[in-house]
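# Chain and residue survey
Read off the chains here:
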Amino acid sequence: MKTHKEAVFYSLLSTPKTEISNTFNFFFFFFFFFFFDISVCLYLHVAVEQPPTITSHTPSPVIVLPIDDDITMRCEARGNPPPVYRWTRDGEEFIPPYIPTKNTDHSNGNFVLYSRHRATLQGKYRCYASNKLGTAMTEEIELMIPRVPRFPKEVIGPVVVDVGQPVILKCNPPEGVAPREIYWMSIGLQHIEQDERVSMGNDGNLYFSNALETDSRQDYCCYASFATIRTIVQKTPMTVIVKSCRLLIMSIAAIDPPMRIPNLLVPPGVQTEVVLIKGKELELECIAEGFPTPKVEWIKMGEHLPARTKIKNYGKLLTISKIEKKDYGKYMCRAENTAGATVHYFDVIVEEPPKWRTEPPQGQLVVVGSDISIKCSVLGIPPPDITWKRNGEILKDEPSNRILVLDDTVLLHNARPEDTGVYQCEVSNTHGSLLANVNIMVMTMGPLMLTRDKQEYAVVQGGDIIMNCSVFSSPPPEISWAKDETPGTIEGERFSVHRNGSLQIISAEKEDSGEYECSAINTEGKSAVTAVLEVKGISVPRAAHCFSRVSPSDYTLVSLIKIRYLVGVGMLQIMNVNQSDQGVYTCIAKTSLDQTNASATLTVLDIPDAPVEVEMSEQKGRSVRLSWTPGSDHNSTVTEFIVEFEENQWEPGRWKELQKVPGNQATAELALHGHLSYQFRVYAVNAIGPGPPSEPTERFRTLPTGPDRNPENIKIQGHLPHQMEISWEPLLPIEHNGPGLEYKVSYRRLGLGEVWKEHLVRRHLLVVKNTPTFVPYEVKVQSKNGDGWGPEPKIVTGYSGEDVPTAAPRNVAVEVINTTVLRVSWTPVPLETVRGHLEGYNVHWLRTQSLLYPSKGPGERRSLSFPGNRSHGIVPGLKPYSEYNFTVNVFNKKGNGPHSDLVSFHTPEGVPEQVPILTASNAQTDSISLVWGPPLEAHGILIGYLLQYQLVNETTKEVGDSQEMNITGPDTTHWQIEGLEEGSLYRFHLSACTRVGCGPPLAQEGNTLAQARECIKLGYSISTQGWLIGTMCAVALLTLIALIACFVRKNKGGKYAVKEKEDLHPDVESQGMNDDTFCEYSDSDEKPLKGNSLCSLNGDDMGGDSVSRDSLVDYADGEGEFDEDGSFIGEYSARKHRGSVAEPTGPVTT
C-alpha cells in the first residue's frame, strides 16, 4: 500500500502536465496526500520509477584549441532506475577512450578527451541515457579541432600592370578560430594606405581601382591575426610593378591613362542572392575598377534604406545591423565616374532558424486507456522539418492507426503500459535545429482507497444518503458494495452505484443501518473500505419565530440560525438571496394570551439548471440524434439550448459550440466531421443568463470519409522573378475527416491549353520554380485524405513573380505652363516589358545650372510619382530661368525600370524676388538717401528697379499721390531722392525688375529734417530742463568715449581697402550735412550702415506691417563679412552674381 501512495504523490509533484481520469476526484486525492504521513517523502527517490531526463550536457559546438588542456564531454541525466549511458559519433556507436574513475558508479556519462587523442576524435557526438522506461538523448554536439592556421609556402611572381589598370592582390587567408582580422602591411609593418582607390574587401584581398606609378613596391604583405590563440601569420610578400605610359615630345612627359567605364571587381555578374538569418548583420559589398576612380552609391529599390544602415570602407560596404524581416528586398549599388556607370543588384532574403511557437512539448502522466496527444509547435523560415522518435528510434504509424504521426503531432489512442517511454521531437532547417525529450508515463497500479475506512454516515428515516468510495488505480477498477460482508444484500430500486463508485440509498429505512463494504479490483490488485450507516427516526423540527410588536414591553424575539437572515423590528431581511431561499415565510407574533401569524411567498429568479439525461440515439456514420431533459428554469423561461462538443484528437479538453436549439425543444440532429471521437453536453439559457452544462455523454466515434471541402483564400504571388508561390488557408484539423490529409495543387499557364501540372503536398504552401516572369496561371487546390478526395475545386488565376521593368519611356517632351510649372509627356512603355503590375511612372529632374549664374553648382535631385498607366504629368516648384534635366522611368511592385534618355530644358525668365533690405539714411531737409541689396534670386536678367514713394500724414496716416521713377542701372544699390518737403514722413516702395516685369516691393519709411532754427529752438527749450541737460551730457560723454575706442581699434587693426576707397572718394552725402543741425553725427566710415537719420525730430520711424525692419547684418547671407571693427565688408566689395552696393552711378536728382 505504501509503494502505491508514494508513486501517485511523486507523479503529482514531478510531472509537468498530468492527465487524471475523470473517474476519481482530484481534490479529494490531493488533500488526502497532503495529510498523509510525511515520512513517505523520504524514500520517493528509491521507490518511484521515472524515465530518463537529460539534466545537463556539453553545449554544441565544442572548439578545442591547441592551448587547451584535456576536454571533458558532459552528459548527465536523472531517472529511476539510474540511467545507463552510451555515445555515438557521426551516427555510429562510439566507445569513449577514458571515463573518469570517480564516475564508476555510472551517475553520469561524462568522458575525457586527452590531447593525444584529439586529432582522431573530431565529429558530431550524441549522448543517450536509458533505463527500462525509455531512452532520452541530447542534441548533436559537434567537436571541432581546428589546425594551427598558416599560409602555404609558395612563390608568387610579380604583378605587372599598366598605369590606370586594376590590380587585385589575393590574400586567401587560412581558416582558423574566430575572430580573424586581416591586415595589409609592408615588411616594415607599415600599413598600406587605403582610400577610395585602394581598399581591402571582405574576402581579405587588396583591390586597386586603378594603378598609379606610386603603387610599385616589392613588399605587399597580407597578415592574418587570430586573437583567441594569439597567433599572427604572414603571406609571402608580393611585388607590384606599374608601367608608365610616356610620350616623347621634345622631352619625356607623363600622360594620363585613358578613361575607363567602371566595372565591378566584387561581386561578379549582375545580380546576387543574399540569404541571411534574422538578427544577423547584413553586409553588401561593391568594389569597382575604372579611371577616374568610381564612386559607389547605394539604394533600396522602391523604398528608403533602413535607419540602421551604415556605409563603410569609403562607400563600398553597406551594413545593416540586426536584420529584420521587413529589410528583405532588392538593393542596388551603382559605381559611377565621368566615363559612365555600372550597377549590381542584391536580392536579400531574411530567414530564421527553428524556434518554439510557445514552449517545448511537456511530459505527461496518464492512465491506461487514455488518449495521448503530443504537439510540437515550431516556427522557422524555411519551414522546419520535424522528425519523431521514441527512445531514440524513428517513430512510425501503426497499421491499426493506434499510433499516428501527423507532421507536428503524435497521437496515441487507448494508451498501453508499453507506450511508456521518451519521445523525441527533432526540428531542423538549413539554419539550425531543436530537440525536445518528452517523457510519457502510462501508469499501472492496484486500487488505492482515498476514502477513510470506517467512515460514519447518518440519515433520517425516509431520507436519501450517499456513501463515498473514492479510488485511484490504473487501469480503472470495478467497484462493488456489500452489507455486513454479505454479497447480494444491496439490491432493489432504492440502491444505486454511481460512476464514481459512491452508493446511494433512496428513502432510507431502519433496517438499512449497518456496515457496508466497498471493494475495488483491477488487473493490478484489490482493495476495500468499510462505511458505517445509522438511520435515525423522524424528528419534529422547531418552528422559526419572528416577532410582532403589540405593546412597548410585550413581545418575544427568537433569532434565526442563518447568518444571512437579519431580523429587525417587524422585518426579516435576507442577504445574498439564492435558490435555497425560495419558499413560504411565516411570521408568528404571540403574547402570553394569544398569537397570530402571516405568510409571504418568496420567488427567486435564477439561471436555469443543467439539463439531465442527455442521451444519444440514431447513431450513424457521421450524425447522431441528441436528446435531454431540461432542468429547472428557476422561474425564467428557457430561450435556447446550446449543444457543445469536445473531441480528444486535436484539442482535448476544449469545449466548443456546435448547435443552438430553441428553448421549447429538447432534441437536436447533429452533423459531425469524420474520424473524430466526440462527446457532447448541453446547457440552457434564459433571461438571467446561461446555466451550467450537463454531464458529458459517452464518446461517439465517427467514421472516416473524404474531406467535405477544399482550401479557400488561394493566393498566387511571386517574391522572386522566376518563382511562383501558391498558398492557401488549410483545412482545420477537425475538417480532415480522416488520416493522411494532403493537397493536390494543379497549375498551368492561362490560355495555352497546357496539361495541368500536379503536386501532392502536406503543407499549405507550394513554391514553383523556373517559371517565366509575370505570366498568368490557372491554379486549383483539392484536398485529399486516406479515405477519398474533396469536391471538385474552383479555378483561380494569378501571376508568377515580378521583375523590374526592362524598357524606358520614349519621346519624353516638356511643355511650359508657366515659369515654375511644366507638363512632362512621354510614350508609355509596352506592357510586356513591365514584367509585373504597372504601378506608375516616376519623373526625375535636376536643376543643372542657373542661366544667370552658370558657375553655380547643380541643385538637389527631385522626383515625382504618377500612379497608373499614363503618358504625362505636371511638375511644379521649378526655378525660373534655369536649365533642367528630365528623365522618366516606369515602376512596378518589384522596383524601377531604366531611365529614359536625358531631356534638357530651359525654364523661361521670371520676375525677381523681393529685395532683401531697404534702408533710408542721410536725411536732409529736402532729400533722403536709400540703400538696398539686390534680390537673392533675380529669376532672370536684372534690368533695374522701380521706386515709388508717397507723402504720409503723420497724424491721420493718410498717404498722398504716388510718385515713381525707374532706376535703370541693374548694379545700382544706392539712390538719393531730392525735392522732398522738409520735416515730412515719406513711405518708399522698391521693386527689382527683369525683362518680364517687376517683383514684389519692399516698403520703408523715412523723415526729412526740419530747419536748423527749429532745432535751436527745441534745444533752447530743452536746456531749461536741468535734469534733461545732465542726461544729454552723460550720453554725449559716453558717445565720445565709444568713438575714441573705435578710432584706436581701427588704427591698431591696419587700414583696409574699403577705407582707402572712401578716402579717395569722399561721401557726397556727408558734405551736404548742416553743421549747425542739433545732435547730428556723421562719419564716412559708418554712413552706409545707418538706417534713418539720427537727427529725426520726432523719432518715429515705425511703419505698418509691410515696412521692412531688416538690417544689413541680416542681408549678409554668408557672402558679406564684418571686419575687425564691425564694418560690413560685403557692403562695399563686389557681391558674387549680385552687382555691388556703391555710390550711385546715375543722376541724383528726382
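One can find the structure itself at the top, above this paragraph.
Residues numbered from 1 in each chain as written. Predicted model: local features only at pLDDT ≥ 70, side-chain atom pairs only at ≥ 80, totals over all residues. Heavy atoms only, no water.

## Some remarks on the overall build of the chain
- Summing up its helical and strand segments, the chain has nine helices and 81 strands in all.
- Counting only residues that meet the buried cut, the chain has 42% of its 1150 residues in that class.
- In the chain, once contacts between residues fewer than 6 apart in sequence are set aside, the share between residues at least 24 apart is 65%. (Helix = DSSP H or I, 4+ residues; strand = E, 2+ residues; numbered from the N terminus. Buried < 20%, exposed > 50% of the residue type's maximum accessible area, 1.4 Å probe, protein only. Contact = heavy atoms within 4.5 Å.)

## Here we look at the sheet that holds strand β28 (residues 317-320)
- Read from one edge of the open sheet, three strands run β24-β28-β27, paired in antiparallel fashion. The outermost strands of the open sheet, each flanked by one partner alone, are β24 (282-285) and β27 (309-312). Strand-to-strand twist of the sheet, defined as the mean angle between neighbouring strand axes without regard to direction, takes the value 20°.
- Here β27 pairs with β28 via four bridges, running antiparallel. What sits directly across from I311, in β28, is L318. (Pairing = 2+ DSSP bridges. Axes fitted to C-alpha atoms, helices over the stretch in contact; angles between N-to-C directions.)

## Details of a nonpolar patch on the surface
- Together, L1037, L1038 and I1041 make up an exposed nonpolar region whose accessible area comes to about 320 Å².
- Assignment of secondary structure puts L1038 in helix α5 (residues 1026-1053).
- We classify L1038 as exposed; its relative accessible area is 60%. (Patch = residues over 30% accessible without salt bridge, like charges linked within 9 Å, V, L, I, M, F, W, Y side chains within 5 Å. Areas by Shrake-Rupley, 256 points an atom, 1.4 Å probe, with all protein chains shown as cover. Salt bridge = Lys/Arg side-chain N within 4 Å of Asp/Glu carboxyl O.)

## As for the state of the cysteines
- One pass over the structure, following the stated rule, counts six disulfides.
- In this model, C171 is linked to C222 through a disulfide, with the two sulfur atoms separated by 1.9 Å. In this structure, the disulfide formed by C171 and C222 twists by about -65° around the S-S bond and is classed as left-handed. Placement of C171 in the loop between β13 (167-169) and β14 (180-185) and of C222 in strand β17 (residues 217-226) is noted, with a sequence separation of 51 residues between them. (Disulfide = S-S within 2.5 Å.)

## What to know about the sheet that holds strand β71 (residues 862-867)
- Overall, antiparallel pairing links the four strands, which are arranged β71-β70-β73-β74 in an open sheet. Only two strands of the sheet have a single partner each, and these edge strands are β71 and β74 (903-906). The sheet shows a mean angle of 25° between the axes of neighbouring strands, direction not considered.
- The pairing of strand β70 (residues 838-850) with strand β73 (residues 882-892) spans 11 bridges and is classified as antiparallel. If you follow S850 over to β73, its bridge partner there is S882.

## Description of the environment of D484
- Locating D484 in the fold gives a position in the loop between β44 (478-483) and β45 (495-497).
- Remark: the alpha-carbon pair of D484 and V532, spanning 48 residues in sequence, is separated by 9.8 Å.
- A distance of 2.9 Å separates polar atoms of two side chains, one belonging to D484 and the other to K483. (Polar contact = N/O pair within 3.5 Å; in protein donor to acceptor, adjacent residues only side chain to side chain.)

## With respect to the environment of Q165
- Tracing the sequence through the fold places Q165 in the loop between β12 (159-162) and β13.
- For the pair Q165 and F208, spaced 43 residues apart in the sequence, the C-alpha separation amounts to 8.3 Å.
- In contact with Q165, other than residues within four places in its own chain, are N210, A211 and R260.

## A word on the nonpolar core
- Counting 24 residues, the largest nonpolar core has L169, W184, L206, F208 and Y220 as the members making the most contacts within it.
- A per-element tally of this core places β17 first, with four residues.
- Ranked by size, the runner-up nonpolar core spans 23 residues in total, among them C376, A415, L434 and I440. (Core = buried A, V, L, I, M, F, W, Y, C linked by side-chain atoms within 4.5 Å.)

## Observations regarding the packing of aromatic side chains
- One pass over the full model with this rule turns up 21 aromatic pairs.
- Pairing Y747 with Y777 gives two aromatic rings, centres 6.4 Å apart and planes at 55°, and the pair type is tilted. Residue Y747 is located in strand β62 (residues 742-749), and its partner Y777 is located in strand β65 (residues 776-785); the two are separated by 30 residues in the primary sequence.
- Judged by its relative accessible area of 6%, Y777 is buried.
- With 6.3 Å between their ring centres and 25° between their planes, Y986 and F988 make a pair best called stacked. Per residue, the accessibility class of Y986 equals that of F988, and both read buried.
- Among the aromatic residues, ring-to-ring pairing joins W87, F94, F111 and Y125 into one connected group.
- Geometry around Y220 places R217 over its ring, the cationic atom sitting 5.6 Å from the centre. (Phe/Tyr/Trp six-rings, centres within 6.5 Å; stacked < 30°, edge-to-face > 60°. Lys NZ or Arg CZ within 6 Å of the ring centre and 35° of its normal.)

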